Amino acid sequence: MGKQISESYISSSRIVKVNISLSGLSCMSCIHSIESALQRLQGVIVPSIHADLPTSNVILEFDESIINIGQIKKAIQDAGYHVVDIVEEESYMKTINKNMTKNSPSKTQGNDTTILAIGGMTCASCVKTIQSAVEFLPGVTSVNINLLTTQASIKHDQNLVGPRDLIAKIEELGYEPQLYSDNDGDDTTILEIGGMTCASCVQTIQSAVELLPGVASVNINLLTTQASIKHDRNLIGPRDLITKIEELGYEPQLYTKGPSNNNGNSIRQRAEKEQKKKMKGFLISLIFAVPTFFITMIFMMALPESNSIRMGLEYQIIPGLEVNTLILFIFATPVQFILGYPFYIKGIRSIWYSHQANMDTLVAVGTTVAYVGSLLNVLIPIVQMSSNPGQQFFETSIFLITFIYLGRWLEARAKGKTFETITKLMELQPENATLLTITLDEKKNEIIDEREIGLELVQIGDILKVNAGARIPCDGKIFRGTASLEESMLTGESIPVTKHEGDDVIAATINLSSSIWIKATRVGSDTTISRIIDLVQQAQSGKKAPIESLADKIAQVFVPVVISIAILDFILWISLSATGHIPTDWLPEGENPVIFSLFFAISVMVIACPCAMGLASPTAIMVGTGVAANHGILIKGGGEAIETAFRLDTIAFDKTGTLTYGKPQVVGSDFLCEKQNFNLESEDSQNDLLLLKIISLIESSSDHPLSKAITQYANEILLKSKRIPTTHVTLDSVKEITGKGLETIVTIHCTVPTVYDVFIGNEEWLKENGCVYPPYVDQEIANKTLLDWKKLGYSIVLIGLSPHFSDKSQRIDPGYILVQLGIADTPRPDAAKTIKLLKSHGIQVWMITGDNQITAKAIASKLGIENFFAQITPERKAEKIKWLQQHGRTTVYHNKHFNFFSSIKNMFQKNGVPHDIETVISKRATVAMIGDGINDSPALAQSDLPISIANATDVAIESSSVILTRATLTSLITLLLLSRKIIWRIRLNFLWAYIYNSLAIPIAAGALFPLTKFGMRPEMASLAMVCSSVSVVLSSLMLKRFKEPKY
């Protein structure tokens, strides 16, 4: 993995995963540079390289037999970045095909999606640089990068390119990618172990821990005293590992990851650290800028020539070199080459590796031109020994870099506010938990030991105490006690919910009443709150909205175009000056035409702002998805899902569990078997009770909501009955036919055991299996009963029975329908209101159900739905969604003027046919599907916007782009309104960014100078650039003012 040699053989290598904290990152170009540098290193696993701009971290894996951490550190430093800290997170043995190159790691066949956090991006040009370079790699199918969250989602073929290859490529571009780890059930615990002195200590600990159940691998580094232990969290937890090592006489403690830990405090601290770094750069540059301001603007301009201070500053040390010039040179040099060093590194490497310029390139070129031009103006008179000193403008580069640092500090502060939603979610989790250890003494009395432990030490099965007023530390069940819990963070309902023993509790909810004990069932990243946080992060780094495509195209050519404009602008002004077209009174006092022209060119380069375009969409999506999460809407699909919701034409609802609660109950029953033992040769005289026993046995084998309702109904009657059937019944086989029902074989053990086929399902299923009503049953009455139930919206379930034949062709008599059941599912109280509101917003509403036509019509009528599909099996739901998409929506355009003139023309034509007054255009519909079950997954996948609700299955949630965490359908209206707000805010941001650049660049180029005699100096242009990017972020933050309507 990562070693390129010609032989083809298999060997094992120790792979080490490290977390490297860096400083000096400011934009995506930095991320590209670092990733490119690391990708070139032999032994570094390219797909594992994951750089994160907000956290300034790089996570990577490398083969210890090929490269060491010192070489990696040197490569990063050579790339122009400072390594603050390196932490080994884990290590493991891995089998490697030595014939595989660094860029083709051995992987399981198939496609994969790698999520990278990329540090160093500052503008849309950075995003385009990375996207263009990564898309060029073999096996990469799509690249989606979010500038604000600095996350990249890359789909690729693992056989052609792996995560390490992606990371290496991005590092070559000068950025800092970092891989987001994804452990499937396995945990890696890192311990710091005190007391180890030699290799024997390592072997002792390793041997003892490897014997523990659930431990997969143990790797201990004697030098760093760190142990990386991979284990199954369901079998053994970190606390067990610590206890075992303590028994050996050592001093283990859980290692808390520093820069890479994933809690709210850490994210906020990283954001604050980034802000402090930018502020520090600004303050240092300000130390040089303030005296420069006094010298150039006050002493040399405001003071009269006779003033002693001005005279002293104008004193020539040698011919052509004044004191003020020397001082400004001394000030400008460290600012230009020390504070400006990051701009050089990132700008040069972006061009070198990705062949694209970025914002850093503009800053580096602009300041360098100002510095070098000033230096040449000063040196020429000195060389010529002239007493007339040349005009210097060192203050330009000083002020430029100062204002750039000011802008990036303000931008970092504004961007930090967009992370508030996710940090607040993370901060809901308590840091500690109270662990109870329960033992029994000799008299069987409980001995309870309480102790505080860190949340990361909680294990599945732990008994935890939660006092009144405290937050639940993890998902679990109440082990002892009763309490009222406030679950508004999840459900949106402020009314407390009373929980009893055995009830589920959710992490981060608040215990309002009394102390309770809970048993942990989900810990760490498996808890509900952690999954919500993951979904929010997915939303903020999801696919880009199509509206962003224009910005990406512009960003690709923006910087080269700006530099070209600056060069042409300089040539134009210098040409006008050389040909005498510029009056001498246009030139400021003491300024020559070259410098006059140069200032226009520099101003063009520094006023242009690709950052504003790059931030226009990511900031709005970041804030918008955060606002949505606060209202119980998790938008997994990111910008693409938001724009799809904005363009929505049609919404299709699954009925059971979506429009209804999904908890049906038997509300009508009709037993058609007579008191005598018709077809049931049993010792029980009550056939209905025996049938209920058979039905209960069969239906308990299915998880379908209707089956659960029937099982509950049958068991309740049997429990209430004074005469319980004693006949033994066994279930020989059961087969569930999706969308139809059950086909089973049962044996009734009486005097002579009898085997029957039992069919349970809808009318079509019973008819398909040849079941009819018994001869003594009045079919007209039976059918009328079913019709009445259907009109009330009940789902119909029939139970048929016939003697079993191994060969169905031998069956002589038909099976008989012995039981009819009517099952009702209560509609959600806000379903009808939601349907009405959706239609008022121009959304077409459809219902898809497996119920018969009459039942479906009755339910649809109750809810105000005109369009529905009935008797649809799960596999046909996707077909109906596709039909809705293709059928489209009809749009009518009134073309009165066109048709008026066309009609006059037709009057003079023979057999002229008048045009219609209206033109009808049909377009493909944008369709959303809302479901909750596994059977809805194909339809969800087919739809343009798959939506699942709070109680949906994991499969449905996985297929969805939007998840409604609250048990209210009105969240759909909130989603619709918020998506419109977000898209319009994005459009407004883009409009502002385009207008700014369209106006600012010509003004900076001097287009208005002939009329106004006003030329924008470079330092003022840099301030304008700062204002443009900050204003876009502030505009996006206005989305926080969104308020959910009262329904």
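Numbering of residues starts from 1 in every chain and runs along the sequence as written. Only residues with pLDDT of 70 or above have their local features reported here, since the model is predicted, and side-chain atom pairs are shown and tallied only from 80 upward, although totals for entire chains, interfaces and linings are computed over all residues. Hydrogens and water are ignored here; the side-chain numbers use all heavy atoms of the structure.

(A) Spatial organisation of the packing of helix 19 (residues 638-646) against helix 31 (residues 971-1005). The convention used is that axes are lines fitted to C-alpha atoms, helices contributing only their stretch in contact, and that angles between N-to-C directions extend from 0 to 180 degrees. Secondary structure counts use DSSP, requiring at least four H or I residues in a row for a helix and at least two E residues in a row for a strand, with both numbered from the N terminus. Between helix 19 and helix 31, the least distance of the axes is 8 Å, while the angle of their chain directions is 110 degrees. One way to sum up the angle between helix 19 and helix 31 is to call them roughly perpendicular. Facing I642, E643, A645 and F646 of helix 19, the residues of helix 31 in contact are L975, L976, S979, R980, I982, I983, W984 and R987. For the contact of helix 19 with helix 31, the residue count by class is eight nonpolar, one polar and three charged. Orientation is classified from the angle alone, with under 35 degrees giving roughly parallel, over 145 giving roughly antiparallel, 65 to 115 giving roughly perpendicular, and any other angle giving oblique. Should any heavy atoms of two residues lie within 4.5 Å, those residues are considered in contact. Under the scheme applied, nonpolar residues are Ala, Val, Leu, Ile, Met, Phe, Trp, Tyr, Cys and Pro; charged residues are Asp, Glu, Lys and Arg; polar residues are all the others, including Gly.

(B) Representation of the sheet that holds strand 19 (residues 483-486) in the model. A sheet is described by the order of its strands in space; here three strands give the open sequence 20-19-22, paired in antiparallel fashion. A single partner strand is all that each edge strand has here, and the edge strands are strand 20 (497-499) and strand 22 (510-511). Pairing geometry for strand 19 and strand 20, over three bridges, is antiparallel. Across the sheet, the residue bridging to L485 is V497, located in strand 20. Strand pairing is assigned whenever DSSP detects at least two bridges linking the two strands.

(C) Structural detail: the sheet that holds strand 18 (residues 475-480). Spatial ordering of the open sheet is given by 16-15-17-23-18-21, a layout of six strands whose pairing is antiparallel. The open sheet has two edge strands, strand 16 (446-454) and strand 21 (504-505), and neither has a second partner. Summarising the sheet, strand 18 and strand 23 (residues 516-522) pair through five bridges and their orientation is antiparallel. Opposite R480, over in strand 23, you have W517 as the bridge partner.

(D) Quick peek at the pairing of strand 23. Strand direction decides the pairing type here: strand 17 (residues 463-466) and strand 23, joined by four bridges, are antiparallel. Within strand 23, the residue paired with V466 across the bridge is I516.

(E) How the structure looks around the UniProt feature "transmembrane region" (unreviewed entry) in the protein chain. UniProt positions are given in the numbering used here, feature names are shortened, and annotations may be inferred rather than shown by experiment. The feature "transmembrane region" (unreviewed entry), as given by UniProt, occupies residues 282-303, 323-345, 357-380, 392-410, 554-574, 594-616, 990-1009 and 1021-1039 in the numbering adopted here. Along residues 323-345, the helical share is 96% and the strand share 0%, with 32 Å between the first and last C-alpha atoms. The annotated region residues 392-410 carries 89% helix and 0% strand content, and the separation between its end C-alpha atoms amounts to 30 Å.

(F) Main features of the pattern of salt bridges. We define a salt bridge as a side-chain nitrogen of Lys or Arg found within 4 Å of a carboxyl oxygen belonging to Asp or Glu. Per the counting criterion, the structure on display carries twelve salt bridges. Between E768 and K740 there is a salt bridge; the shortest N-O distance is 3.4 Å. Here E768, found in helix 23 (residues 763-768), pairs with K740, found in the loop between strand 27 (728-737) and strand 28 (741-749); they are 28 residues apart in sequence, far enough to count as distant. Think of it in three bands: with a 1.4 Å probe and only protein chains considered, a residue is buried below 20% of the maximum accessible area for its type, exposed above 50%, and partly exposed in between. Its relative accessible area of 52% is what places E768 among the exposed residues. Here K740 falls in the partly exposed class, since its relative accessible area comes to 33%.

(G) Quick look at the nonpolar core. We define a nonpolar core as any set of buried Ala, Val, Leu, Ile, Met, Phe, Trp, Tyr and Cys residues linked to one another through side-chain atoms lying within 4.5 Å. Of all hydrophobic cores here, the largest spans 109 residues; its most connected members are I607, F653, L659, L838 and I947. Considering each element in turn, this core owes the most residues, 15 residues, to helix 31. In this structure, L41, M121, V134 and I167 belong to the second largest nonpolar core, which totals 44 residues.

(H) Representation of the packing of aromatic side chains. The rule is short: rings of Phe, Tyr and Trp, with Trp giving its six-membered ring, pair when the centres are within 6.5 Å, and they are stacked under 30 degrees, edge-to-face over 60, tilted in between. In the structure shown here, the tally under the stated rule is 23 aromatic pairs. The interplanar angle of 80 degrees and the centroid separation of 6.5 Å between the aromatic rings of F646 and W984 together place this pair among those described as edge-to-face. Residue F646 is found in helix 19, and its partner W984 is found in helix 31; the two are separated by 338 residues along the sequence. What links up through ring pairs into an aromatic cluster is the set F329, F337, Y344, Y371 and F394.

(I) Here's a closer look at the environment of A117. Positionally, A117 belongs in strand 5 (residues 111-119). The class of A117 is buried, set by a relative accessible area of 0%. Taking the C-alpha atoms as reference points, A117 and A51, 66 residues apart in sequence, are found 5.1 Å from one another.

(J) The arrangement of unusual backbone geometry in detail. Positive phi, normally seen in glycine, also occurs at Q871, with a value near 55 degrees. Summarising the element assignment, Q871 is placed in the loop between strand 34 (867-869) and helix 27 (874-887). Judged by its relative accessible area of 39%, Q871 is partly exposed. Here K1013, not a glycine, exhibits a phi torsion of approximately 60 degrees, which is positive. By secondary structure assignment, the location of K1013 is in the loop between helix 32 (1009-1012) and helix 33 (1018-1037). Using a relative accessible area of 45% as the deciding quantity, one classes K1013 as partly exposed.

(K) Spotlight on a nonpolar patch on the surface. Patch membership requires over 30% relative accessible area and the absence of a salt bridge. Like charges are linked within 9 Å, and nonpolar side chains (Val, Leu, Ile, Met, Phe, Trp, Tyr) within 5 Å. Only the protein chains shown count as cover for residues, and all accessible areas are computed by the Shrake-Rupley method using a 1.4 Å probe. A cluster of nonpolar side chains, namely L988, L991, I995, L999, I1003, L1008 and L1011, defines an oily patch on the protein surface of about 650 Å² accessible area. Among the elements that make up the nonpolar patch, the one with the highest residue count is helix 31 (five residues). Mapped onto the elements of the fold, L991 is located in helix 31.

(L) Region of interest: the environment of M196. Within the fold, M196 resides in the loop between strand 9 (186-194) and helix 5 (199-210). Under the relative-accessibility criterion, M196 is labelled buried at 11%.

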